[in-house]
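Topology and contacts: notes
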Amino acid sequence: MGPTIRNTIRTIVRRAAIAGGLEVAGGLSRAGLMAGARGQGAIFTLHHVRPKLVRAFDPNGHLEITPEFLDATLTTLKRDGNRFVALEQLPDALAAGGGPIACFTLDDGYRNNIEHALPVFERHQVPFTVFVTGGFIDRTHTLWWETLADLLATNETMRFDFGRGVETLQTRAAAEKQAAFHRVAAFLHGRDEATAIALLNAAAIEHGIDPLAITERLTLDETGLRRLIESPLASLGAHTISHRSVARLSDADARREIRESAERIEAITGRRPLTFAYPYGDAPAVSRRDHRIVADLGFTLAVTTQPGTLAARGHSRLHALPRISLNGHFQRARYVSALASGIPFRLQRRAL
Ligand SMILES: [Zn+2]
């Protein structure tokens, strides 16, 4: 059995284990156990919202849900007694107390957010915040994970220099493409991110993929964002200019990226955004220094992608709020109830 097949099996087993854990959490929640894990509610993270396109190689499948699943999610959360609150209103809602809160956020500003997510939010009258990246709005920066997915989907080999000369990776089978995706992703997270992305963009062009055309095809520009915020339910939050890990930037670069992204949004909406999302948002991408910069620049709150529910009143760290990601591989309404119960994160912490 080759390493790529082993990785495929590992992925399947991991997903089955997560699904099993969600079923267990759902059962505990329905039995009225661990009720405290729910805290004051949750902030949900979405990315793409669009009809499912079945692809043999889909490394970003977790970042994509269908409009039907979004509809089922909102119906379920409403049935479970959640109050939908705009993210900017969250500090007030937390202070006021009351039933569980649900906030909705969508990262990166994809075009499908207008086409497929907005109608669902409007049908349910649920407010939402879209975190937009200055460099995507102005088509000066690229989405490496999309570039890499397109490159691998359309090429049977990939030439890339990981720092020891150009290598040719075999990328014919889906498992080989997946292995190459992981290797390049690890390279990007381990090096100077801007340099690594520039290398990937150059490789993409050499393989017939135009990275900036992907930015144009997938994300909203200023005109699109102006159309989005015509809906009183939609607001914009900041998400840097280049979409790099803030924690890995120098003090000056981190501050500049965050400040300029707020200014870019202000130029569209006419007012300074109060909310910020750390790119990637996982533990290596966000540091305590970054919490301080964001607070210092006047944002009232900032969100990570570290999983969890909102802590009991007075205990939330407003510049490092956890979020629950709606994962494209787990699109079941009962999983949403299980996640919102907070139990999966408690169980995970106990297991570690
Ligand atoms: Zn993002």
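Residues numbered from 1 in each chain as written. Predicted model: local features only at pLDDT ≥ 70, side-chain atom pairs only at ≥ 80, totals over all residues.

**Overview of the overall build of the protein chain**
This is how it is decided: Secondary structure elements follow DSSP: runs of H or I no shorter than four residues count as helices, runs of E no shorter than two count as strands, and numbering proceeds from the N terminus. For this measure, only C-alpha atoms enter the radius of gyration; the expected value for a globule follows 2.2 Å times N^0.38, where N is the number of residues. Residue burial here comes from a neighbour count, namely the number of other C-beta atoms, placed from the backbone, that lie within 10 Å of the residue's own C-beta, with 20 or more meaning buried, 12 or fewer meaning exposed, and in between meaning partly exposed. Note that contacts rest on C-beta atoms placed from the backbone: two residues are in contact if these are within 7 Å.
What the protein chain contains, in helices and strands, is 14 helices and 12 strands. Taken against the 2.2 N^0.38 rule, which gives 20 Å for 352 residues, the C-alpha radius of gyration of the protein chain at 20 Å falls within 12% of a compact globule. Its C-alpha atoms give the protein chain principal-axis dimensions of about 60 × 50 × 35 Å. Counting every position in the protein chain, which comprises 352 residues, the buried fraction comes to 41%. Look at the contacts in the protein chain between residues 6 or more apart in sequence, and 73% of them connect residues 24 or more apart.

**Overview of helix 4 (residues 112–124)**
The line we're drawing: Under the convention used throughout, the expected extent of a helix is 1.5 Å for every residue step, that is, one less than its residue count. The angle between axes fitted to the seven residues ending at a residue and the seven residues starting there is what we call the bend at that residue.
Look at helix 4: 18 Å from first C-alpha to last across 13 residues, which is about the 18 Å you get at 1.5 Å a residue. Helix geometry: helix 4 is bent most strongly at L118, by close to 40 degrees, with proline P119 lying one to four residues after it. Turning to helix 4, its buried residues number three or more, namely N113, I114, A117, L118, V120 and F121. In the core, the buried residues of helix 4 are packed alongside strand 2 (48–49), helix 2 (67–79), strand 5 (101–107), strand 6 (128–132), helix 10 (222–228) and strand 9 (234–238). Directly beyond the C-terminal end of helix 4, a positive phi value near 55 degrees is found at Q125.

**Points about the packing of helix 11 (residues 251–269) against helix 12 (residues 288–296)**
So the rule is basically this: Axis definition: a line fitted to C-alpha atoms, limited for helices to the stretch in contact. Angles are taken between N-to-C directions and run from 0 to 180 degrees. Throughout, the term roughly parallel applies to angles under 35 degrees, roughly antiparallel to angles over 145, roughly perpendicular to angles from 65 to 115, and oblique to all others. Two helices that cross are described as forming a left-handed crossing if the nearer one is turned anticlockwise from the farther one by less than a right angle, and a right-handed crossing if clockwise. Note on residue classes: Ala, Val, Leu, Ile, Met, Phe, Trp, Tyr, Cys and Pro are nonpolar, Asp, Glu, Lys and Arg are charged, and everything else, Gly too, is polar.
Across the interface, helix 11 lies against helix 12 with an axial gap of 10 Å and an inter-helix angle of 40 degrees. Classified by the interaxial angle, the pair formed by helix 11 and helix 12 is oblique. As for the relative orientation of helix 11 and helix 12, their crossing is right-handed in sense. Every residue of helix 12 that contacts helix 11 at A254, R255 and I258 is listed here: D290, I293 and V294. Residue composition of the contact of helix 11 with helix 12, grouped by class: 4 nonpolar, no polar and 2 charged.

**Looking at the nonpolar core**
Cut-off, in case you're wondering: Remark: nonpolar core denotes a set of buried Ala, Val, Leu, Ile, Met, Phe, Trp, Tyr and Cys residues whose joining runs through C-beta atoms within 7 Å. These domain limits were set by an automatic method or by a database of domain assignments.
One finds F44, C103, V130, V132, L148, L200 and A302 to be the most contacted residues of the largest nonpolar core, which totals 85 residues. For this core, the domains that each give at least three residues are domain 1 (3–140 + 219–351) and domain 2 (144–213). In contact with V132, not counting residues within four places along its chain, are G109, I137, L225, L236, H239 and I265.

**A closer look at unusual backbone geometry**
Across residues other than glycine, the phi torsion is negative in most instances, and most of the peptide bonds are trans. Non-glycine residue D108 carries a positive phi angle of around 90 degrees. The topology assignment puts D108 in the loop between strand 5 and helix 4. For R139, which is not glycine, the phi dihedral falls at a positive 60 degrees. Along the polypeptide, R139 turns up in the loop between helix 5 (134–137) and helix 6 (144–154). The class of R139 is partly exposed, set by 13 C-beta atoms lying within 10 Å.

**So, the environment of T73**
Mapped onto the fold, T73 is located in helix 2. For T73, a count of 27 C-beta atoms within 10 Å puts it in the buried group. Counting along the chain gives 261 residues from T73 to R334, while the straight-line C-alpha distance between them is 8.7 Å. Look past the residues within four positions of T73 in its chain and what remains in contact with it is L326, A333 and V336.

**Comments concerning the pairing of strand 7 (residues 157–161)**
What counts is decided by this rule: Being paired, for any two strands, means DSSP has found at least two bridges between them.
Along strand 7, the buried face is formed by M158 and F160; none of T157, R159 and D161, which line the opposite face, is buried. One ladder, built from 5 bridges, connects strand 7 with strand 8 (residues 166–170); its direction is antiparallel. Looking at strand 8, one finds that F160 is bridged to E167.

**Description of the domain arrangement of the protein chain**
By a frequent convention, interface size equals the accessible area lost on bringing the separate parts together. For the protein chain, the assigned domains are domain 1 (3–140 + 219–351) and domain 2 (144–213). Averaged C-alpha coordinates put domain 1 and domain 2 at centres separated by 27 Å. With 13 residues of domain 1 in contact, the opposing surface of domain 2 contributes 15 residues.

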